[in-house]
Amino acid sequence: LESTYEVIQVAGVPSSTNTFAQDVLSGLGAESKELPAKYFYDAVGSRLFESICLQPEYYPTACEAEILELYADCITARFPSGVRLTDLGSGDCRKSSLLIRQLLREKRQFTFVPVDICEDAVRSSIHALGKTFAGSTLAIQGIVAEYFDALASLRQRHEPVVVLFLGSNIGNFEEGGDERFLNRLHAVLKPGDSAIIGFDLIKDTNVICAAYNDANGVTCEFNLNLFDRINRELGGNFDRRYFVHRPLFNTKLSRMESHLMSLREQTVTIAATGRSFNFRENEMIHVESSYKYSPQKISWLAEQTGFAIQAQFEDPNHYFQDAVFQRL
Ligand code: TRP
């Protein structure tokens, strides 16, 4: 038996330059400026995000890795034989590899399906997995796609599915987007399928703020890379020197927000959008939200969307929770 590796692109994705231009046009043309967070993840952005995950202030990755290390056997014990382990927003696959290691140890049958918007991340993570698990039989089908396109492609499969939605990715939607995501997930799963969902828990605001403003400035660089991408791919003339990264905790909505703030009155032209955008001094572009959850909210979400919570695993500090959502 040999390991098999395959990468496919799901139709309609990754987002064409056209869509990127349209999204930038509507986001920067709005009264209250914003840009969708998914555009952070080009090849450079995905590498920078891996580096964020290694910063001492960025606790979610370390806490979730600890959870997966402590409870890998409990988690994988529930997986049906021949499962398609679908990792949405797989990035460098460092966390999913903790579950893969356990499955290989137990000689279980499964296919690992890393899904990421960034083709570079899919290819290099598969390459890294091949090295890490050299000598074992591992079937990998990488998918380059956005979440909902990847979910749609799940409708055709015959195997049981376990979806991994780690890293508090569920917290990055707009308001109510978590519930909409779970409804759409429910629609493509079958009874008995499940999802392991990583939720960042509400905690001391200082701890949260530090995680999105690391002292090495990697998060700042990650945010500003969005301007470089717009300049390169859409012919923009953003000047990084006149913007700063402003992380803010929104208490009312229980979410961390990343903003890019204009340091002066200025005009930025973006060729592919066919227009210019004016910025006032101190005007902000909202580029990301990261919701923080209470245990009650997690139970409520499951109840609203047709899932039963089978198990909940937390790190010793109770900073993070991985919940097993079973589709009813
Ligand atoms: N899912 C991650 C989170 O919510 C995404 C993230 C972490 C992120 N740090 C960031 C996104 C900084 C943008 C900027 O924590």
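Look a little higher up for the structure.
This text gives an overview of the structure that appears in the document. Just so you know, these numbers come straight off a predicted model, no measurement behind them.

With that settled, the discussion passes to the overall build of the protein chain. On a plain count of helices and strands, the protein chain comes out with 10 helices and 13 strands. Rg of the C-alpha trace for the protein chain: 20 Å, near the compact-globule value of 20 Å for 328 residues, within the 12% margin. With the C-alpha coordinates of the protein chain rotated into their principal frame, the extents come out at 60 × 40 × 35 Å. Counting the 328 residues in the protein chain, one finds 52% classified as buried. Contacts in the protein chain between residues at least 24 apart in sequence constitute 75% of all its contacts with a sequence separation of at least 6.

Glancing now at the site of the ligand. The environment of the ligand is made up of 13 residues, and the closest members are Tyr58, Asn172, Tyr212, Glu288 and Ser290. Asn169 is positioned with one of its side-chain polar atoms (N or O) 3.5 Å from a nitrogen atom of the ligand. Between the ligand and Asn172, the relevant distance is 2.8 Å, taken from a nitrogen atom to a side-chain nitrogen or oxygen of the residue. Look at the ligand: alone it shows 360 Å² of surface, and the protein chains cover 100% of it. When residues of the shell around the ligand are traced back to their parent elements, those giving at least two are helix H9 (218-234) and strand S11 (284-291). When residues in the shell around the ligand are grouped by element, the largest group, three residues, is from H9. Taken together, the residues that form the shell around the ligand break down as five nonpolar, seven polar and one charged.

So, on to the nonpolar core. In this structure, Phe238 and Ile270 are the most contacted members of the largest nonpolar core, which totals 64 residues. When residues no more than four places from it in sequence are discounted, the contact partners of Phe238 are Leu28, Phe227, Ile230, Asn231, Phe243, Val268, Ile270 and Phe279. The next biggest cluster of nonpolar side chains, apart from the first, holds 31 residues, and it includes Ile170, Phe173, Ala195 and Ile298.

For the rest of this paragraph, the subject is the environment of Cys74. Following the sequence through the fold, Cys74 ends up in helix H3 (residues 59-77). In this structure, the C-alpha to C-alpha distance between Cys74 and Phe313, residues 239 residues apart in sequence, is 9.8 Å.

Let us now look at the sheet that holds S11. Spatially, S7-S8-S11 is the arrangement adopted by the three strands of the open sheet, whose pairing is antiparallel. Of all strands in the sheet, those with a lone pairing partner are strand S7 (243-250) and S11, marking the two edges. If you compare each strand with its neighbour and ignore which way they point, the axes differ by 20° on average. Here seven bridges tie strand S8 (residues 255-262) to S11, and the two strands are oriented antiparallel to one another. Bridge assignment links Met261 to a residue of S11, and that residue is Met284. Running over the sheet, H9 touches S7, S8 and S11 and is turned about 120° from S7.

A word on the state of the cysteines. Per the counting criterion, the structure on display carries zero disulfides. Not part of a disulfide, Cys93 finds its nearest cysteine sulfur in Cys118, a span of 12 Å. The buried category is assigned to Cys93, whose relative accessible area is 2%. With no disulfide partner, Cys220 has as its closest neighbouring cysteine sulfur the one in Cys209, 15 Å distant.

All right, on to the side chain of Glu283 then. Within the element layout of this structure, Glu283 appears in the loop between strand S10 (275-279) and S11. Once residues within four sequence positions are removed from consideration, Glu283 is found in contact with Lys33, Leu260, Met261, Ser262 and Asn278.

This part covers the packing of aromatic side chains. Within this structure, the stated rule accounts for 26 aromatic pairs. With a centroid separation of 6.1 Å and 65° between ring planes, the pair formed by Tyr147 and Phe173 is classed as edge-to-face. In this pair, Tyr147 is assigned in helix H6 (residues 147-153) and Phe173 in the loop between strand S5 (161-165) and helix H7 (177-188), connecting sequence segments 26 residues apart. By relative accessible area, Tyr147 is classed as partly exposed at 25%. Taken together, Phe40, Tyr41, Phe49, Tyr58, Tyr212 and Phe222 form an aromatic cluster joined through their ring pairs. The ring of Phe279 carries Lys33 above its face, with NZ or CZ at 4.9 Å from the centroid. The positively charged end of Arg184 is found above the aromatic ring belonging to Phe148, 3.8 Å away from the centroid.

Right, let's talk about the sheet that holds strand S3 (residues 110-116) for a bit. Strand order in the open sheet made by the eight strands is S1-S4-S3-S2-S5-S6-S13-S12, with mixed pairing throughout. Each edge of the open sheet is held by one strand with a lone partner, namely strand S1 (4-9) and strand S12 (307-314). Between one strand axis and the next, the sheet turns by 20° as a mean value, whatever way the strands run. Pairing of S5 with strand S6 (residues 194-200), which is carried by four bridges, proceeds in the parallel orientation. Each residue of the ladder has a partner; that of Leu164, found in S6, is Ile196. Contacts from helix H10 (residues 295-305) reach S6, S12 and strand S13 (320-327), with the element oriented near 155° to S12.

Thresholds applied
- Just so you know, the residues in each chain are numbered from 1, in the order the chain's sequence is written.
- Given that this is a predicted model, residues contribute local features only at a pLDDT of at least 70 and side-chain atom pairs are listed and counted only at 80 or more, while totals for whole chains, interfaces and linings are drawn from all residues.
- As a convention, hydrogens and water are excluded, and side-chain values are obtained from all of the structure's heavy atoms.
- By the criteria applied, helices consist of DSSP H or I runs no shorter than four residues and strands consist of E runs no shorter than two, each listed in order from the N terminus.
- When we talk radius of gyration, it's over C-alpha atoms, and the globule rule is simply 2.2 Å times the number of residues to the 0.38.
- Throughout, exposure labels follow a simple rule: accessible area from a 1.4 Å probe, protein chains only, divided by the maximum for the residue type, with under 20% read as buried, over 50% as exposed, and the rest as partly exposed.
- Working rule for contacts: check all heavy atoms of both residues, and any pair within 4.5 Å makes them a contact.
- Note on terminology: near, applied to a residue and a molecule or strand, indicates that one of the residue's heavy atoms is within 4 Å of it.
- Counted as a polar contact is a pair of N or O atoms within 3.5 Å, where, for protein atoms, one must be capable of donating a hydrogen and the other of accepting one, and residues adjacent in sequence contribute only when both atoms are in side chains.
- Computed with the Shrake-Rupley method and a 1.4 Å probe, the accessible areas treat only the protein chains shown as cover for residues.
- Any residue outside Ala, Val, Leu, Ile, Met, Phe, Trp, Tyr, Cys, Pro, Asp, Glu, Lys and Arg is labelled polar, Gly included; the first ten of those are nonpolar and the last four are charged.
- Here, nonpolar core refers to any group of buried Ala, Val, Leu, Ile, Met, Phe, Trp, Tyr and Cys residues whose side-chain atoms link them within 4.5 Å.
- DSSP bridges decide pairing: two strands pair if at least two such bridges lie between them.
- All axes here are fitted lines through C-alpha atoms, helices being fitted over the stretch that makes contact, and every angle between N-to-C directions spans 0 to 180 degrees.
- Working definition: a disulfide is two cysteine sulfur atoms within 2.5 Å of each other.
- Any pair of Phe, Tyr and Trp rings, taking the six-membered ring for Trp, is counted once the centres come within 6.5 Å. Such a pair is stacked with planes under 30 degrees apart, edge-to-face with planes over 60 apart, and tilted for the rest.
- Either the NZ atom of lysine or the CZ atom of arginine qualifies as a charge over a ring when it sits within 6 Å of the ring centre and within 35 degrees of the ring normal.

Interpretation note: all reported values are geometric properties and have no functional meaning in isolation.
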